[in-house]
Amino acid sequence: MRKLSFIFATLLLAATMHAQELKTIKLNTPDKNRGSAVMKALSDRHSDREYAAKELSLQDLSDLLWAANGINRPDGKRTAPSALNKQDIDIYVIMKEGAYLYDAKANNLQPVAKGDHRGAVAGGQDFVKSAPACLVLVSDLSRFGNVADHTKLMAAVDAGIVCQNINVFCASAGLATVPRASMDQAALKQILKLTDNQLPIMNNPVGYPRK
Ligand SMILES: Cc1cc2nc3c(=O)[nH]c(=O)nc-3n(C[C@H](O)[C@H](O)[C@H](O)COP(=O)(O)O)c2cc1C
């Protein structure tokens, strides 16, 4: 009887642990007809460091990621241009339950690390921990091939463009964000299992504005 209870308890524990594993998040098809016109979005763009205590809807998250660096043409090119079309910027999405990698081709979020790692993105700015999603822009320098002197410069420019896509989309969709260079680089490299060639450059906490 004891043995049976032990087996039952073990099975229950295994089932619970399995349920806690992060799963791939399938994103929605982006709604390309939403948002205000570009001039209005530029007029509204500003840094916002206060967020409502509300999760991002799946549609908002899907549209945000597509606007940031999604595929917008049949040849696989992206909403953000990149130097030599090397598409070196990957977006990691850090949320309460875990960290994910945006897969633009599959239109999903691939699990990377379980747990709340927004503290590593905050790097001393506590307001970041209250954003429901933090987008961390990481350049994979190896995509430039033989690393040239100006590679990091190109990577920074590419990250800046993705970052501004995020800023303008947020302004047009009524979301709150701020572009940030501060973060705990070393912690993020470990959490996101980055190689020496992968460089976190910018991040954008994103949420709904706190009215
Ligand atoms: C490259 C870059 C790095 C930034 N890093 C941070 C940061 O680490 N933390 C922060 O709170 N704001 C950061 N900002 C936001 C700026 O402080 C902000 O854009 C500036 O004060 C102008 O305000 P505005 O965005 O509302 O026009 C950064 C902006 C840029 C462009």
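Remember, it's a predicted structure, so these values are computed and weren't measured experimentally. (Residues numbered from 1 in each chain as written. Predicted model: local features only at pLDDT ≥ 70, side-chain atom pairs only at ≥ 80, totals over all residues. Heavy atoms only, no water.)

Before we go on, may I ask you to explain the pattern of salt bridges in this structure?
When the charged atoms of two side chains with opposite charge come close together, those side chains can pair. Counted according to the given criterion, the structure contains 10 salt bridges. The residue Arg143 makes a salt bridge to Asp90 at a minimum N-O spacing of 2.8 Å. You can see Arg143 sitting in the loop between β5 (133–140) and α5 (151–173) and its partner Asp90 sitting in strand β2 (residues 89–95), a full 53 residues away along the chain. Using a relative accessible area of 30% as the deciding quantity, one classes Arg143 as partly exposed. Between Asp140 and Arg143 there is a salt bridge whose closest N-O contact spans 3.6 Å. Asp140 sits in the buried class, given a relative accessible area of 11%. Salt bridges sharing partners connect three or more residues here, namely Arg34, Asp60 and Asp63. (Salt bridge = Lys/Arg side-chain N within 4 Å of Asp/Glu carboxyl O. Helix = DSSP H or I, 4+ residues; strand = E, 2+ residues; numbered from the N terminus. Buried < 20%, exposed > 50% of the residue type's maximum accessible area, 1.4 Å probe, protein only.)

Help me understand the environment of Ile94 in this model?
Tracing the backbone through its elements, the reader meets Ile94 in strand β2. Ile94 gets classed as buried once you look at its relative accessible area, which sits at 0%. Linking Ile94 and Gly160, residues 66 residues apart in sequence, is a C-alpha distance of 19 Å. Beyond its immediate stretch of four places on either side in the chain, Ile94 contacts Ala99, His117, Arg118, Val121, Pro132, Ala133, Cys134, Val136 and Leu192. (Contact = heavy atoms within 4.5 Å.)

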